[in-house]
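Residue strings, one per chain:
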Amino acid sequence: MSDGITDMYKEIKVKNLIIFCAIEEEIDFSILNPEIKIHFTGIGKVNAAIKSYSKLFYNKDSFVLNVGTAGATSFNKMGDIVKCSSFIQRDCQIPGFSNPQHDFNIQNFDGICNSGDIFCNSGDILNKSNIPIVFDMEAYAIAAVCKHLVIEEFGAIKIVSD
């Protein structure tokens, strides 16, 4: 699993890379250069928003990456790596309105991450396209912070865990 993540990091050649991950146990970061900044947000959108805002406020020229595990629809299988550039807040559904969404234009990142503070059954959300969709609890909040701070370079790398 770590080999795929290492390859992803090699693709992103940026000086000011900041990585957010919910908890240390999600990914083995020992393979990375120790100079890369990794920040653990805690689980959930509120924790992710607070931590990412406090770290990014003075680092607006950064490439921001959210790394972690995620659930997926039947389009993906366990162990797949999905690179996301679109982020949806799934637990803010109001009849007559579309779910809040943030999109970023990151080369080779084409997946959608659907964030919410509760676990969801992938059957709850039908994937009618050939676009990989994963489900987590933090990425949308970090995307919202990046949009608020006018940080244009944000993406997520998610390893399908269930």
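Here is a short report on the structure shown in this document. (Residues numbered from 1 in each chain as written. Predicted model: local features only at pLDDT ≥ 70, side-chain atom pairs only at ≥ 80, totals over all residues. Heavy atoms only, no water.)

1. Some points on the packing of helix α2 (residues 45-56) against helix α3 (residues 139-148)
Next up, step 1: It is at 8 Å that the axes of α2 and α3 come closest, and there the two elements cross at 35°. Crossing handedness for the pair α2 and α3: right-handed. From α2, K45, A48, A49, S52, Y53 and L56 reach across to α3, where they touch A141, I142, V145, C146 and H148.
Next up, step 2: Taken together, the residues of the contact of α2 with α3 break down into eight nonpolar, two polar and one charged. (Axes fitted to C-alpha atoms, helices over the stretch in contact; angles between N-to-C directions. Helix = DSSP H or I, 4+ residues; strand = E, 2+ residues; numbered from the N terminus. Left-handed = near helix turned anticlockwise from the far one by under 90°. Contact = heavy atoms within 4.5 Å. Nonpolar A, V, L, I, M, F, W, Y, C, P; charged D, E, K, R; others polar.)

2. Here's the deal with the pairing of strand β1 (residues 17-21)
Next up, step 1: Buried residues dominate β1, accounting for five of its five residues.
Next up, step 2: Neither face of β1 is exposed, since L17, I19 and C21 on one face and I18 and F20 on the opposite face are all buried.
Next up, step 3: Looking at chain direction, β1 and strand β3 (residues 63-72) are connected through four bridges and run parallel. Among the inter-strand pairings, I19 is bridged to a residue of β3, identified as L65. (Buried < 20%, exposed > 50% of the residue type's maximum accessible area, 1.4 Å probe, protein only. Pairing = 2+ DSSP bridges.)

3. Considerations on unusual backbone geometry
Next up, step 1: For N108, which is not a glycine, the phi torsion comes out positive at approximately 70°.
Next up, step 2: Structurally, N108 is set in the loop between β5 (101-103) and β6 (111-115).
Next up, step 3: With a relative accessible area of 51%, N108 lands in the exposed category.
Next up, step 4: At V150, a residue that is not glycine, the phi angle is positive and equals roughly 60°.
Next up, step 5: In this structure, V150 sits in the loop between α3 and β8 (154-160).
Next up, step 6: Using a relative accessible area of 60% as the deciding quantity, one classes V150 as exposed.

4. What about α3?
Next up, step 1: Burial analysis of α3 places seven of its ten residues in the buried class, the great majority of the element.
Next up, step 2: Of the positions making up α3, those classed as buried are A139, Y140, A141, I142, A143, V145 and C146.
Next up, step 3: V150 sits one or two residues past α3 and shows a positive phi near 60°.

5. Quick look at the pattern of salt bridges
Next up, step 1: Following the criterion strictly, the structure yields two salt bridges and no others.
Next up, step 2: Between K77 and D80 there is a salt bridge, with the nearest N and O atoms lying 3.3 Å from each other.
Next up, step 3: Judged by its relative accessible area of 57%, K77 falls in the exposed class.
Next up, step 4: Judged by relative accessible area, which is 19%, D80 ranks as buried. (Salt bridge = Lys/Arg side-chain N within 4 Å of Asp/Glu carboxyl O.)

6. So, the nonpolar core
Next up, step 1: With 38 residues, the main nonpolar core has L56, V64, L65, F87, V134, C146 and F154 as its most contacted residues.
Next up, step 2: Only β1, α2, β3, β4 (81-89), α3 and β8 provide two or more residues apiece to this core.
Next up, step 3: For this core, the element with the highest residue contribution is α3, accounting for seven residues.
Next up, step 4: Excluding its chain neighbours within four sequence positions, the residues that come into contact with C146 are L56, V64, F104, I151 and F154. (Core = buried A, V, L, I, M, F, W, Y, C linked by side-chain atoms within 4.5 Å.)

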